[in-house]
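# Fold and geometry: a report
Here is how the chains run, residue by residue.
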Amino acid sequence: MPWTVPPIAAERLPALLAAMPKAELHLHIEGTLEPEMIFALAARNGITLPYPDIAALRRAYAFGKLQDFLDLYYQGAGVLRTEQDFHDLAHAYLRRAAAENVVRAEIFFDPQTHTARGVSMETVIRGLRRACADAERELGISSALILCFLRHLSEREAFETLEAALPWRDQFIGVGLDSSELGHPPEKFARVFARCRQLGLHVVAHAGEEGPPDYIRGALDVLQVERIDHGVQAVHDAALLQRLARERIPLTVCPLSNQKLQVFPDLAQHSLPRLLEAGVVATVNSDDPAYFGGYVNANFQQVFAATGLGAAQAWQLAANSFEASFAPPADRQRWLDQARACFEQYAA
Ligand code: ADE
Ligand code: ZN
């Protein structure tokens, strides 16, 4: 018999959103660097920061657009030097994610931010992978790494980065494309992504965050991505919206990021309800939670409160996150069953 979402009292919805098992599919590990950890790592590594204290750094977190954020995000990442630094960063995130009932995390990392400062690819990948293994053993959380190319840099630099990462090919499951979107359309990386697909890597790309729907089309047609990161501008193009729904291309949506970067300054205007209404496989994620004021459960709770979504959409988003995940099918089915049990418990 097909399962239907049981009725759930409105006042129990925030707790259900927190308790339900979920996959987080759009999370930049460098974006989980909390101000406290920036200061701790700076002290550990003998680095002087351009801010007198944590409060002053936090005060700088006011962004008018994506680039304002990226400038601070790359500066913050400068405190990451050793394998242990990368381990501690990822371990802290995974502990927090597990506490928020994330059962699967597919984690972006930006190696070019680090290799440009003389930190080796090996240092980055070994530190992150050790944290993933520790967290799986200690907390049961499943995780995997996705290497992102910085789109403001050249195609040649992306190829060099891929080459440098290939000795660790089995340590990451896919590649992505992030950083400054406007002026850097997906087509710039057509050949890099073709090579990555040949290598059997999963492929995703940020598109339609600040950029137009045409960048989403380019990511699909030219890069042949399996998921679109953000994609929230698709609502301005009815044919594209229909295509995303028909082809079941997941969008990894990040409500608090969109609010803080002025994509939707008023969360009540966010396009998530329209995406779900159109049948798009949308998911909710935290992007850079240390900078945007909330981890995944805060993203769920705040966008639900602002837009009036309910239990049926909560179920859809949890189910979508497992459908969109690159985890093995048996794991995805098990998490879906756990989510169903969670909803039934909240209905009781
Ligand atoms: N890198 C980290 N967060 C990002 C975002 N929201 N968009 C593009 N690049 C990013
Ligand atoms: Zn992102």
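Described below are features of the structure shown in this document. (Residues numbered from 1 in each chain as written. Chains lettered and ligands numbered in written order. Predicted model: local features only at pLDDT ≥ 70, side-chain atom pairs only at ≥ 80, totals over all residues. Heavy atoms only, no water.)

### Structural notes on the site of ligand 1
We count it as follows: Residue proximity to a molecule or strand is established when one non-hydrogen atom of the residue lies within 4 Å of it. Polar contacts here mean pairs of N or O atoms no more than 3.5 Å apart (in protein, one a potential hydrogen donor and the other a potential acceptor; neighbouring residues in sequence count only if both atoms are side-chain atoms). Here the open area of atoms and residues is found with the Shrake-Rupley method and a 1.4 Å probe, where only the protein chains shown may cover a residue.
In the vicinity of ligand 1, the contacting residues are H28, L66, F69, L70, Y73, D178, S179, H206, E209, H230, D287 and D288. In this structure, a nitrogen atom belonging to ligand 1 sits 3.4 Å away from a side-chain N or O atom of H230. Contact between ligand 1 and D288: a nitrogen atom at 2.7 Å from a side-chain N or O atom of the residue. Considered on its own, ligand 1 offers 260 Å² of accessible surface; in the complex 100% of this is hidden by protein.

### A few points about the side chain of N320
This is how it is decided: In this description a helix means any DSSP run of H or I spanning at least four residues, a strand means any run of E spanning at least two, and both kinds are numbered starting from the N terminus. Accessible area is worked out with a 1.4 Å probe on protein chains only. A residue is then buried under 20% of its type maximum, exposed over 50%, and partly exposed in between. Any two residues whose heavy atoms approach within 4.5 Å at even a single point are treated as in contact.
Note on placement: N320 falls in helix α16 (residues 311–324). Residue N320 is classed as buried on the basis of its relative accessible area of 2%. Those residues within four positions of N320 in sequence are excluded, and the remaining contacts are L276, V280, V281, A282 and T283.

### Here we look at the coordination of the zinc ion (ligand 2)
Put simply, the test is: Donor atoms: N, O and S within 2.8 Å of the metal, or within 3.2 Å for Na, K and Ca. Because water is excluded, sites can look incomplete. Site shape is set this way: if four donors have all angles between 85 and 135 degrees, tetrahedral; if opposite donors are over 155 degrees apart and all others between 65 and 115, square planar for four donors and octahedral for six; otherwise irregular.
Around the zinc ion (ligand 2), the protein contributes the donor atoms H26 (NE2), H28 (NE2), H206 (NE2) and D287 (OD), which lie 2.0 to 2.3 Å from the metal centre. Viewed at the metal, the four donor atoms of the zinc ion (ligand 2) are separated by angles of 83 to 174°, and the geometry they form is irregular.

### Things to note about the packing of helix α5 (residues 83–99) against helix α7 (residues 121–139)
Formally: All axes here are fitted lines through C-alpha atoms, helices being fitted over the stretch that makes contact, and every angle between N-to-C directions spans 0 to 180 degrees. Take the far helix as the reference: if the near one is turned anticlockwise from it by less than a right angle, the crossing is left-handed, and if turned clockwise, right-handed. Each residue gets one label: Ala, Val, Leu, Ile, Met, Phe, Trp, Tyr, Cys and Pro are nonpolar, Asp, Glu, Lys and Arg are charged, and the others, such as Gly, are polar.
It is at 7 Å that the axes of α5 and α7 come closest, and there the two elements cross at 35°. The hand of the α5/α7 crossing is right-handed. Across the interface between the two elements, E83, Q84, F86, H87, A90, H91, L94, R95 and A98 from α5 touch T123, V124, R126, G127, L128, R130, A131, C132, D134, A135, E138 and L139 from α7. When grouped by side-chain class, the residues that make up the contact of α5 with α7 number ten nonpolar, five polar and six charged.

### Some remarks on the pairing of strand β5 (residues 202–207)
The condition that has to hold: For the handedness criterion, the strands are oriented away from the viewer, and a crossover whose path from the first strand over the helix to the second runs clockwise is classed as right-handed. A strand pair is defined by DSSP finding two or more bridges across the two strands.
Of all six residues making up β5, five are buried, and the element is well covered by its neighbours. Considered for its hand, the β-α-β crossover made up of strand β4 (residues 174–178), helix α9 (residues 190–198) and β5 is right-handed. Here β5 pairs with strand β6 (residues 227–230) via four bridges, running parallel. Within β6, the residue paired with A205 across the bridge is I228. As a crossover connection, the stretch from β5 through helix α10 (residues 213–221) into β6 is right-handed.

### Looking at the pattern of salt bridges
As a reminder of what qualifies: Each salt bridge in this description consists of a side-chain nitrogen of Lys or Arg and a carboxyl oxygen of Asp or Glu lying within 4 Å of one another.
Taken as a whole and judged by the stated rule, the model has 20 salt bridges. In this structure, R217 engages D237 in a salt bridge whose closest nitrogen and oxygen atoms are separated by 2.8 Å. One end of the pair, R217, is in helix α10; the other, D237, is in the loop between β6 and α11 (238–246), with 20 residues separating them in the sequence. D237 gets classed as buried once you look at its relative accessible area, which sits at 16%.

From the geometry alone we can't say anything about function, so treat these as descriptive.
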